[in-house]
Structures are given as C-alpha cells and as structure tokens.
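Here is how the chains run, residue by residue.
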Amino acid sequence: MKTAIRSLLFTAVLATGNALGANLVTNGSFEQGPPIPGRLLTINAPDGSTLPGWTVASNDLEIVTNVEWPAADGSRSIDLNGVTNASMYQDVGGLNVGSSYLLSFALSGNPYVNGDPVGTADNVKNLRVSIAGVSTDLEFDVAPYHWPTPALVPNMGWRTENMIFVATNATERLLFASLDPFNSTRGPAIDNVSVTLVPEPAVLWLAAAWAVAPRWRRTVASRPK
Ligand SMILES: [Ca+2]
Ligand SMILES: [Ca+2]
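Residues numbered from 1 in each chain as written. Chains lettered and ligands numbered in written order. Predicted model: local features only at pLDDT ≥ 70, side-chain atom pairs only at ≥ 80, totals over all residues.

(A) Geometry of the overall build of the protein chain. The number of helices and strands found in the protein chain is 3 helices and 11 strands. Along the protein chain, helices and strands appear, N-terminal first, in the series α-β-β-β-β-β-β-β-β-β-β-β-α-α. Relative to its 225 residues, the protein chain shows a buried fraction of 39%. Across the protein chain, the fraction of contacts at a sequence separation of at least 24, relative to all contacts at a separation of at least 6, is 78%. (Helix = DSSP H or I, 4+ residues; strand = E, 2+ residues; numbered from the N terminus. Buried ≥ 20, exposed ≤ 12 C-beta atoms within 10 Å, placed from the backbone. Contact = placed C-beta atoms within 7 Å.)

Next comes the structure, spelled out in structure tokens:
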C-alpha cells in the first residue's frame, strides 16, 4: 500500500515533467559509445573512455544491445556483471548545493537461466546505488522473466526506481555497483539514468512521498552524519 502511494505521488510529480530540470547525467541511456555489431561489448576496469561519461571502476561490465535484450530506452543498456561483478560511476556536475534532485533509472536483471557458474539460485539481482552520501541497496527478481539462451529476450520487466537526494557539492559522484557474487556472469541491469532538479513546489509532494517510503527512511537513517 505504501509503495502504491509512493508510486502515485511520484507519478503526480513526474506528470509535471517539464517543470523538472534538464537531465544532468551524460549518456544516461548508454546510447553513446563505439559501434556494437552484435549482442554486447565488454568493458574491463579501469576504463574511463569507452563508455562516454562513465568510468568502469572495478572488474567488468557489458554494454548490451537490443540483439541480446530490449533496453528500457533506446537500444543499449548495462549488465553490471560482465563475467564478474562491476562498479561504475559518473561525476555529475552542475548541481546547486542545498537543492533537491531526483535520481531516476530503470532496473532489471540478466534473465538467462543456463550456464551461469552461480546457477539458477542467483535469481535475485542486487544493486547498490549511491550519490551525495546516500546509499540504497535494491533487488530485482528475474524469475518471472527467465529466458533459456542469450539473445532475443522478449521482456525484461524494466522497473523505474526513483531516489531523492540533496546536493552537498556542486559535483557529486553517482555510483552503481553490483552486489551479486563475484563470479556471476548475470547481474543487475540498468538503463535510462537521469538526475534532474526538483523545483520547490514539487519538493512538497516528494516530502509526502518520502514520508510513506520505508526504504528511504532507512536510507536517511544510515546517512553519515
Ligand atoms: Ca538505453
Ligand atoms: Ca554478463
């Protein structure tokens, strides 16, 4: 019920879309980058140039094309486990210290059933996202979207995640990290990342949404003082 209320409030806020600021994330949909003729391109850390705007900080990830599975937006998304669990970040600039921002992105997970060293017990994909001293751990269960072989996945079940943060610096590091096992080849998937300024009237709506969001209350409680 609380989740439903939260979603409703976010829908109300997001319905005022043109009142939100411009997206401050560079290449948030991962569409910019080198040509990828097939299913995917692997990027090994450390790499701050292959995927414009982003740095792959640890291990390896994959830019996945629509040949492999449908992106949430455009034709490319990210599998945060290439053949090991990766982390990636972008330093998001142009922030006003003290202002509220909406971080939004699409979350799914690699849905393949066969051949993963970790096995099918690894259905629940685990993602950590952090920015401006706020860190949240999210889960995505791929069981409803299982698919037998790599390529031509019909449905990823992409889910939009929203998180509010207050900028404490003009530039904040936005970090995504897979919390899945090191040697899983199938991790959390992300796409369509945006950070937008929340105008003052909308902050009131978002404060109401915050009040009914237990997960975010935990997040705030764990914020370093
Ligand atoms: Ca995309
Ligand atoms: Ca993979």
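(B) Structural context of the pairing of strand S6 (residues 100-109). The element S6 is largely enclosed, with a buried count of 8 among its 10 residues. Examined bridge by bridge, S6 and strand S9 (residues 159-166) share 8 bridges and lie antiparallel to one another. By the bridge assignment, Ala106 is partnered in S9 with Thr160. Relative to strand S11 (residues 188-197), S6 runs antiparallel, the two sharing 8 bridges. Bridging from a neighbouring strand, Ser104 pairs with Ser194 of S11. (Pairing = 2+ DSSP bridges.)

(C) Inspection of the nonpolar core at higher detail. Ranked by internal contacts, the top residues of the largest apolar core, which has 46 residues, are Ile78, Tyr101, Leu103 and Ile190. When sequence neighbours within four positions are dropped, the list of residues in contact with Ile78 reads Phe30, Leu61, Ile63, Val64, Ala189, Ile190 and Asp191. (Core = buried A, V, L, I, M, F, W, Y, C linked by C-beta atoms within 7 Å.)

(D) The environment of Ala189, seen in detail. Tracing the sequence through the fold places Ala189 in strand S11. Look at Ala189 and you get buried, because 29 C-beta atoms sit within 10 Å. In this structure the C-alpha to C-alpha distance between Ala189 and Ser178, which are 11 residues apart in sequence, comes to 9.1 Å. Contact partners of Ala189, with chain neighbours within four places excluded, come to Ser77, Ile78, Asp79, Ser108, Gly109, Asn110 and Met156.

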